[in-house]
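# An overview of the molecular structure
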Amino acid sequence: MSSTDTLKSQLSLPVICAPMFLVSTPRLVIECCKNGVVGSFPALNIRPQKKLDEWLTEVSTSLEQYKQDNPNAKVAPFAVNQVVHPSNSRLMADHALIKKHKVPFVITSQGNPSDIVKDVHSWGGIVFHDVIKTQHAKKAIEAGVDGIIVVAAGAGGHGGTLNPFALIREIRAFWDGPLALAGAINDGQGIRAAEVLGADYVYMGTRFIATQEAQVPNEYKAMLIKSQIEDIIYSDYFTGVHANYLKDSLIQAGIDISALTGKDKVDLDLGNTNSWKDIWSAGHGVGGIQDVPSVAELVASLIKEYRIACDTPAFSL
Ligand SMILES: Cc1cc2nc3c(=O)[nH]c(=O)nc-3n(C[C@H](O)[C@H](O)[C@H](O)COP(=O)(O)O)c2cc1C
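Within each chain, residue numbers correspond to sequence positions counted from 1 in written order. Restriction of local features to residues with pLDDT of at least 70 applies here, the model being predicted, together with a cutoff of 80 or more for giving and counting side-chain atom pairs; totals for whole chains, interfaces and linings are based on all residues. Just so you know, side-chain values use all the structure's heavy atoms and leave hydrogens and water out.

### A closer look at the site of the ligand
- Taken together, 24 residues lie around the ligand, and Pro19, Phe21, Ala184, Gly205 and Thr206 are the ones closest in.
- Pairs of N or O atoms within 3.5 Å make up the polar contacts considered here, provided that, within protein, one atom can donate a hydrogen while the other can accept it, and that residues adjacent in sequence are counted only when both atoms are side-chain atoms. One of the side-chain N or O atoms of Asn81 is found 3.1 Å from a nitrogen atom in the ligand.
- Contacts to the ligand include Gly205, whose backbone N or O atom sits 2.9 Å from an oxygen atom.
- Strands are runs of DSSP state E lasting at least 2 residues, helices are runs of H or I lasting at least 4, and numbering of each runs from the N terminus. Taken together, the elements giving at least two residues each to the shell around the ligand come down to strand 8 (201-204) and helix 9 (206-209).
- Residue composition of the shell around the ligand, by class: 13 nonpolar, 10 polar and 1 charged. Each residue is tested against the molecule or strand, and it is near if at least one of its non-hydrogen atoms lies within 4 Å. In this classification, the charged set is Asp, Glu, Lys and Arg, the nonpolar set is Ala, Val, Leu, Ile, Met, Phe, Trp, Tyr, Cys and Pro, and all remaining amino acids, among them Gly, are polar.

Printed below as a string of C-alpha cells:
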C-alpha cells in the first residue's frame, strides 16, 4: 500500500487541519483526529520549548485511549510542523521530542528537510513539505519527502501568490506522489475541486479557527464570520514575510490601514502590538464562513457537501 493509501485509510475525509501559530492547541488537534481528519500544530507554538513534551504526551495518549474505546472509529494520525530553516534554533531540540514520541506525521516548511525526512522514516513516520513555488517542490522531492503541500494564493498565514489551478497542475506534471492543496478551501465542494485538479488531500486552516474547539478569542471567530475577501490585507510589514491579515484586527490594534496599503512605505508606530496575537490572520476564504460549529459538526457538513459535489456534475456530456 502506498503512503497515500495508508493515510487515506485512516481518514473520514482527505483533510488536514493545517498547523496555525497561536491557534492550534491539543484540544483542536485531538478533536480533528477523533473525527478522522489530520490535526496538526506548529512545534514553535509551544513555549517554553520543554512543554512540547507535555503536548505530545497529551495528544498521543488521548488518541490511543480513544482508539481503544472506539475500535471501529477512523482516527486520523496527528502531525507536527517543523520550520527547517537554519534560523530555527529550536529545530533539533523539538525534533528530539518528536522522535521520542515517534510522531506519525511531520510537516516541514522553509528549508531543506532531508535530515528530518531520514530520521522520521526510521520510525515509520511520513513527512510532507509545504511549498509556495514549483522550484521548492522539486527541492523537497530531492530531499525524499513523502508528500507536497501546495500553498496557493489566498491561504491564511504566509500564503503564496500563485494561482492554485496553475501551481498544482505544474507540480502534478512531475510528481505523482501525495499532494495536498491549501488556500481558501472551506467546504466539501472545495475538497472535490482540489481532487479534480490532482490533489489527494486538502489543507484547511482558516475554516478550523471558527470552530468551538479552537482556543482563540471569540472576537476573532466573530471577525471571521463578519469578514469578506476584501477584508484581507496581504502585507510583509509585521514579520518581514508577506502574510494575510484580517483588516478589522489591524484597525482594532490602532494601525493606519491606508499607510499599509498606500503606494509609499510608511513607518507605523506599532506600540506593543504583537502580530498573530493581536493582529489576526485569515485567508481569502473568510467570506464562506458563517458559523462556529464543533469540529464534529464541521466534518459532518464537509462530508455531506463532498458527497453532493461528487454526485452532481453541472454539465451532462
Ligand atoms: C492564524 C494562522 C496561523 C498560521 N501559522 C502557521 C504556522 O505556524 N506554520 C505553518 O506552516 N503555516 C501556518 N499557517 C498557514 C496554514 O498552515 C495553512 O497553510 C493555511 O491556513 C491554509 O489556508 P486557509 O487558511 O485559507 O485554509 C497559519 C495560518 C493561519 C490562518
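After that view of the structure, there is still more to cover.
### Comments concerning the packing of aromatic side chains
- In summary, the pairing rule links any two rings of Phe, Tyr or Trp, Trp by its six-membered ring, whose centres are within 6.5 Å, and it sorts them by plane angle into stacked for under 30 degrees, edge-to-face for over 60 and tilted for everything else. Enumeration over the complete set of coordinates arrives at 6 aromatic pairs.
- Their ring planes at 55° and their centres at 6.0 Å tell us that Phe128 and Tyr201 sit as a pair that is tilted. Of this pair, Phe128 sits in strand 5 (residues 126-131) while Tyr201 sits in strand 8, placing them 73 residues apart in sequence. For the pair formed by Phe128 and Tyr201, the shared burial category is buried.
- With a centroid separation of 5.8 Å and 70° between ring planes, the pair formed by Tyr237 and Phe238 is classed as edge-to-face.
- For Tyr237, a relative accessible area of 22% translates into the label partly exposed.
- Connected via pairs of aromatic rings, a cluster forms that spans Phe105, Phe128 and Tyr201. Remark: exposure states derive from per-residue accessible area (1.4 Å probe, protein chains only) relative to the maximum for the residue type, with buried under 20%, exposed over 50%, and partly exposed in between.

### Remarks on the environment of Asp115
- Within the secondary structure, Asp115 sits in helix 5 (residues 114-122).
- C-alpha of Asp115 to C-alpha of Ser12: the two residues are 103 residues apart in sequence and 31 Å apart in space.

### Some remarks on the sheet that holds strand 7 (residues 179-182)
- The 8 strands lie next to each other as 1-8-7-6-5-4-3-2, forming an open sheet whose pairing is parallel. At either end of the open sheet lies a strand with only one pairing partner, and these are strand 1 (15-17) and strand 2 (39-42). Taken pair by pair, the neighbouring strands of this sheet meet at an average axis angle of 25°, ignoring direction.
- We call two strands paired when DSSP finds no fewer than two bridges between them. Across 4 bridges, the pairing between strand 2 and strand 3 (residues 78-83) is parallel. Counted as the bridge partner of Pro42 is Asn81 from strand 3. Between N-to-C directions, angles cover 0 to 180 degrees, with each direction set by a line fitted to C-alpha atoms, over the stretch in contact for helices.

### Section: helix 4 (residues 91-100)
- By the burial criterion, the buried members of helix 4 are Leu91, Asp94, His95, Leu97 and Ile98. Down the axis of helix 4, the smallest arc covering the buried residues is 160°, so these residues share one side. Turned more than 90 degrees away from the buried face of helix 4, the exposed residues are Met92 and Lys100. By definition, the arc is the one covered by directions from the helix axis to the C-beta atoms.

### Brief notes about unusual backbone geometry
- Residue Arg47 is joined to Pro48 through a cis peptide bond whose omega torsion reads 0°.
- Checked against the element boundaries, Pro48 lands in the loop between strand 2 and helix 3 (51-69).
- Positive phi, normally seen in glycine, also occurs at Lys102, with a value near 45°.
- As for its placement among the helices and strands, Lys102 is situated in the loop between helix 4 and strand 4 (105-109).
- Lys102 sits in the exposed class, given a relative accessible area of 55%.
- Positive phi outside glycine occurs at Ala184, with the angle close to 65°.
- With respect to the helices and strands, the residue Ala184 is situated in the loop between strand 7 and helix 8 (188-196).
- On the basis of relative accessibility, which here comes to 41%, the residue Ala184 falls in the partly exposed class.

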